[in-house]
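Take a look at the letters that make up each chain.
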Amino acid sequence: MTKIYEKAAVSRVKGIGRREASFFENSTLRMQVDDIGGMIPFFCSVQDKRQINAHWQPWFRSNSGKPYTDAEDGPFWKSELFYNIAGNFPCAPNFGPAHIINGVTMPPHGWTANLKWDYIKSGLDEKSGAAWALTEMNSPDISMPLSFKKIDALVPGQSVHYSALSIRNSGDSDTEICCAFHNTAGAPFLESGCLISAAANAWITSPPGGEFDTTTRLALGAEFSVLSRAPLSFGGKTDLSIVPPPIGYTDFVSGAIPKTAHLGWLSVVNPRLKLAYISFFPGPAAGRNETGDDEIILYFNDLWMQYGGRPYTPWAPWDGGPDLTYCLGTENAVGAWAYGLDYARNMRTLLDSPTTVTIPAGGEKTLYYGSLFAPYEKMILDSGIVGIDAESDRLICKSATEFWKFDADPYFTVLRGIREGLL
């Protein structure tokens, strides 16, 4: 049972651009979850008067308060997703570009990242003191009759955003989908010298024929075992685990989480600020014994390294202009790179891991997911994280020589209890 030694709170607000949102806070973390796309533009570590936001807020994000229209906004933003994009957001049933699949028009990263979530209610969990909010969304196309429920929660004493994403299939046939959370770090947390670590032990760059062909510095379709030795297109290796300053390239790599892993995770450490940003979720080995057949397992760590390689809008102010966008996508997914649902269905597996999850006819599956943003002390994680283990009430982050424990609920006990009570 979670100790209640502080309070968590949730309220309804209108954020920048007059976007309706749920705002969560406790003594160490503040976050805003927008109704549109489930975007989380603010994910702030609070230390006395210091507040540092981990999440990317694009310079091109529209804050006009006007709804997106293709006629007026399409030439610059290209899609409604880029009009509203920020921070972290859920991606389903698509993970990748817009396309038409079986007659269904699928937006980039799916309906959950583009449409407005319907706010249902919010409150405090009596047992744990956690603040929570429930939102819902239905498929706009009856040809793919999916519905989505999302619970966002903040537990007292923990610097963690917990989310339960439930996907129901009301149709009479099974539906294969992609699913992901698109964590994206930005300034002031993200800067050159940050260190990236992940659970994955096998990596592969995106293949030819996609959006990274003209932006990458990496060899296309190349496999490698560690982030520190990624193959370059012009020969040699580079260390992807160290975040560079803007270098004029945009790259994407996927890493398969070991099938023996009970916990999936991906981290970014800023040794100058002494802050760690960590996403975590049930790993492939959790499987039937620990999570049951009704849960979604994410098999891939994905890195979208947006370091200035897109000289076109909305990344640049005009086509052919300078890319002004610097951020790092630390994404976790079941998908094939970020090439879309149709591509993932045809691919079937990548690095011997599945690229889709099946929502059975008349059934439902749920993804449990956590994002932590918290400080550490001394120099314990200054060289990065080499591994993460779970205890009942902590994440144990190991460096090369020491370890640091963050208060957390890696088995999602509180979130599961909230979901059971609500749904």
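Whatever comes next refers back to the structure up there.
Residues numbered from 1 in each chain as written. Predicted model: local features only at pLDDT ≥ 70, side-chain atom pairs only at ≥ 80, totals over all residues. Heavy atoms only, no water.

*Asks:* When you look at the overall build of the protein in this model, what are you seeing that I'm missing?
*Replies:* Within the protein one finds five helices and 32 strands. Expected size for 423 residues packed as a compact globule is a radius of gyration near 22 Å; at 20 Å, the protein falls within 12% of this value. Along the first, second and third principal axes, the C-alpha set of the protein runs to 55 × 55 × 45 Å. For the protein, the proportion of contacts with a sequence separation of at least 24, taken over those separated by at least 6, is 63%. When the accessible surface of the protein is summed, it comes to about 16,500 Å², and 52% of that surface belongs to carbon and sulfur atoms. Charge separation in the protein, taken as the distance between the mean sites of 35 positive and 45 negative side-chain charges, equals 4 Å. (Helix = DSSP H or I, 4+ residues; strand = E, 2+ residues; numbered from the N terminus. Rg over C-alpha atoms; globule rule 2.2 N^0.38 Å. Contact = heavy atoms within 4.5 Å. Areas by Shrake-Rupley, 256 points an atom, 1.4 Å probe, with all protein chains shown as cover. Lys, Arg positive; Asp, Glu negative; His and termini not counted. Charge placed at Lys NZ, Arg CZ, Asp CG, Glu CD.)

*Asks:* Sorry, what's going on with the packing of aromatic side chains here?
*Replies:* What characterises a pair of aromatic rings is the spacing of the ring centres plus the angle enclosed by the ring planes. Evaluation of the coordinates by the stated rule reveals 28 aromatic pairs. Aromatic side chains F189 and Y277 sit 6.2 Å apart centroid to centroid with 65° between the ring planes, which places their arrangement in the edge-to-face category. Highlighted residues: F189 in the loop between β15 (184-185) and β16 (195-198) and Y277 in strand β23 (residues 275-282), separated in sequence by 88 residues. Since its relative accessible area comes to 0%, F189 is described here as buried. Y277 sits in the buried class, given a relative accessible area of 2%. Lying across the ring of W117, K150 places its NZ or CZ 5.1 Å from the centre. (Phe/Tyr/Trp six-rings, centres within 6.5 Å; stacked < 30°, edge-to-face > 60°. Buried < 20%, exposed > 50% of the residue type's maximum accessible area, 1.4 Å probe, protein only. Lys NZ or Arg CZ within 6 Å of the ring centre and 35° of its normal.)

*Asks:* How should the pairing of strand β29 (residues 364-375) be read in this particular structure?
*Replies:* Within a regular strand, the side chains alternate between the two sheet faces. Across the 12 residues of β29, 10 count as buried, placing the element largely inside the fold. Two strands pair when backbone bridges link them, and strand β12 (residues 160-169) and β29 are joined in this way by nine bridges, in the antiparallel orientation. For R168, the partnering residue across the bridge sits in β29 and is E364. As paired elements, β23 and β29 share six bridges and run antiparallel to each other. From the neighbouring strand, I278 faces β29, where its bridge partner is L372. (Pairing = 2+ DSSP bridges.)

*Asks:* Mind showing me how you'd approach the pattern of salt bridges here?
*Replies:* A side chain with one charge may pair with a side chain of the opposite charge, provided their charged atoms come close. Counted according to the given criterion, the structure contains 21 salt bridges. One network of salt bridges, with partners in common, ties together K14, E20 and K116. (Salt bridge = Lys/Arg side-chain N within 4 Å of Asp/Glu carboxyl O.)

*Asks:* When you look at helix α5 (residues 413-422) in this model, what are you seeing that I'm missing?
*Replies:* Every α-helical turn comprises 3.6 residues, leaving residues that sit three or four positions apart pointing alike. Where α5 is concerned, the buried positions are V414, L415, I418 and R419. Along the axis of α5, the buried positions cluster into a sector of 135°, meaning they face one direction only. The exposed set on the far side of α5, more than 90 degrees from its buried face, consists of T413, E420 and G421. Buried residues belonging to α5 abut β10 (131-138), β11 (146-154), β12 and β29. (Arc of directions from axis to C-beta.)

*Asks:* Any chance you could explain helix α1 (residues 70-77) here in plain terms?
*Replies:* If you check which residues of α1 are buried, you get D73, G74 and W77. Buried residues along α1 cover an arc of 115° about the axis, so they all sit on one side. Across α1 from its buried face, at more than 90 degrees, point the exposed residues A71, E72 and P75. Where α1 is buried, its residues touch α2 (80-84).

*Asks:* Would you mind showing me how to read the sheet that holds strand β22 (residues 263-270) here?
*Replies:* Strand-to-strand pairing in sheets goes through backbone hydrogen bonds, with the strands running parallel or antiparallel. Taking strand neighbours across the sheet as the criterion, the eight strands line up as β9-β10-β11-β12-β29-β23-β22-β16 in an open arrangement whose pairing is antiparallel. Each of the sheet's edge strands pairs with one partner strand only, and the pair in question is β9 (118-124) and β16. Put simply, the sheet's adjacent strands are angled 15° from each other on average, direction ignored. Here nine bridges tie β11 to β12, and the two strands are oriented antiparallel to one another. Each bridged residue has a counterpart across the sheet, and for L154 the counterpart in β12 is H161. Those strands touched by α5 are β9, β10, β11, β12, β23 and β29, and its axis lies near 130° from that of β11. (Axes fitted to C-alpha atoms, helices over the stretch in contact; angles between N-to-C directions.)

*Asks:* Honestly, the pairing of strand β24 (residues 300-307) in this entry has me stumped. Any pointers?
*Replies:* For β24, a buried count of eight out of eight residues is recorded, marking the element as mostly surrounded by other parts of the structure. Residues of β24 alternate between two faces, with F300, D302, W304 and Q306 on one and N301, L303, M305 and Y307 on the opposite face, all of them buried. Sheet analysis places β24 next to strand β25 (residues 326-334), joined by eight bridges and oriented antiparallel. Among the inter-strand pairings, F300 is bridged to a residue of β25, identified as A333.

*Asks:* Honestly, the side chain of S399 in this entry has me stumped. Any pointers?
*Replies:* Of note, S399 is situated in the loop between β31 (394-398) and β32 (403-407). Among residues more than four places away in sequence, those in contact with S399 are I380, L381, S383, G384 and V386.

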